[in-house]
Amino acid sequence: MSAAESRAALCNNLALRKAARYLGATYDKALAPVGLRATQFSILQHLGARGELTITALADMIAMDRTTMASNLKPLAREGLVTVETSAADRRARIVAITPDGLARMESALPLWNDVQTRFEERFGTEDAARLRGFLEAVLDTGFEPWAE
């Protein structure tokens, strides 16, 4: 193995991105029948659980920069699954809320998400999947500030 291959094999970022693309594509494929991608489903889940949120708060919950979150919200808003409006309290903030159609789409996607979630845990192991989620959540506490201005 060359030095470059060795570095690539040890790269945390590459390993994480490979796994994320693999698993992300698996969830995207599972959710395709209801016209959602995995990221869109996650957005709808957060909004369904919490009601309305600012774009910044939603981006923070999903570990995404605000600009990317705004881009991800555009197709959801076009389809009438979410609304994005200026906050009455702070004209600089934009408030995102799930619509009844968005809630219905999220609920129709839930069995598809549950199925792929269950299949992953059966193949990977329920305890290992829980540990993986814990490790990945801990990555977010390493002190890096990738979206800090």
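The rules behind the values
Residues numbered from 1 in each chain as written. Predicted model: local features only at pLDDT ≥ 70, side-chain atom pairs only at ≥ 80, totals over all residues. Heavy atoms only, no water. 1 Å grid on protein atoms, 1.4 Å probe; cavity = no way out; pocket = protein on both sides within 12 Å on 5 of 7 lines; lining within 4 Å. Points joined across faces, edges and corners; volume = space filled by probe spheres on them. Helix = DSSP H or I, 4+ residues; strand = E, 2+ residues; numbered from the N terminus. Nonpolar A, V, L, I, M, F, W, Y, C, P; charged D, E, K, R; others polar. Buried < 20%, exposed > 50% of the residue type's maximum accessible area, 1.4 Å probe, protein only. Contact = heavy atoms within 4.5 Å. Patch = residues over 30% accessible without salt bridge, like charges linked within 9 Å, V, L, I, M, F, W, Y side chains within 5 Å. Areas by Shrake-Rupley, 256 points an atom, 1.4 Å probe, with all protein chains shown as cover. Salt bridge = Lys/Arg side-chain N within 4 Å of Asp/Glu carboxyl O. Lys, Arg positive; Asp, Glu negative; His and termini not counted. Charge placed at Lys NZ, Arg CZ, Asp CG, Glu CD. Core = buried A, V, L, I, M, F, W, Y, C linked by side-chain atoms within 4.5 Å. Arc of directions from axis to C-beta.

A. Highlighting the layout of surface pockets. Computed from the structure, the largest pocket encloses a volume of approximately 2,400 Å³. What lines the largest pocket is a set of 47 residues, and nearest its centre among them are Leu16, Ala20, Ile62, Ala63 and Leu136. When residues of the lining of the largest pocket are traced back to their parent elements, those giving at least two are α2 (12-31), α3 (38-50), α4 (55-62), α5 (66-78), α6 (100-124) and α7 (126-139). At 13 residues, the largest contribution of residues to the lining of the largest pocket is made by α2. For the lining of the largest pocket, a count of residues per class yields 25 nonpolar, 13 polar and 9 charged.

B. Looking closely at the side chain of Gln40. Take Gln40: it is sitting in helix α3. Judged by its relative accessible area of 11%, Gln40 is buried. Residues in contact with Gln40, not counting those within four places in the same chain, are Gly35, Pro75 and Leu76.

C. Highlighting a positive patch on the surface. Residues Arg66, Lys74, Arg78 and Arg94 make up a contiguous surface patch of positive charge. A total of 3 residues in the positive patch trace back to one element, the largest contributor, which is α5. Relative to the assigned elements, Arg66 resides in helix α5. A residue is classified by how much of its surface remains accessible, and Arg66, at 35% relative accessible area, is partly exposed.

D. Quick look at a nonpolar patch on the surface. Judged by side-chain polarity, Leu16, Leu136 and Val139 come together as a nonpolar surface patch covering roughly 230 Å² of accessible area. Along the chain, Val139 falls in helix α7. Owing to a relative accessible area of 42%, Val139 belongs among the partly exposed residues under this scheme.

E. A look at the nonpolar core. If you look at the biggest cluster of nonpolar residues, it comprises 26 residues, and the most contacted ones within it are Leu36, Ile43, Leu47, Leu58, Met69 and Leu73. Of all the elements in the fold, those that place two or more residues in this core are α2, α3, α4, α5, β3 (94-98) and α6. With 5 residues, α3 is the largest single contributor of residues to this core. Met69 has contacts with Ile43, Ile55, Leu58, Ala59, Ile62 and Met64, leaving out every residue within four places of it along the chain.

F. Spotlight on α4. Of the positions making up α4, those classed as buried are Ile55, Leu58, Ala59 and Ile62. Down the axis of α4, the buried side of the element spans an arc of 100°, and every buried residue falls inside it. In this structure, the buried residues of α4 make contact with α3, β1 (53-54), α5, β2 (82-86) and β3. At the C-terminal side of α4, Ala63 shows a positive phi close to 55°.

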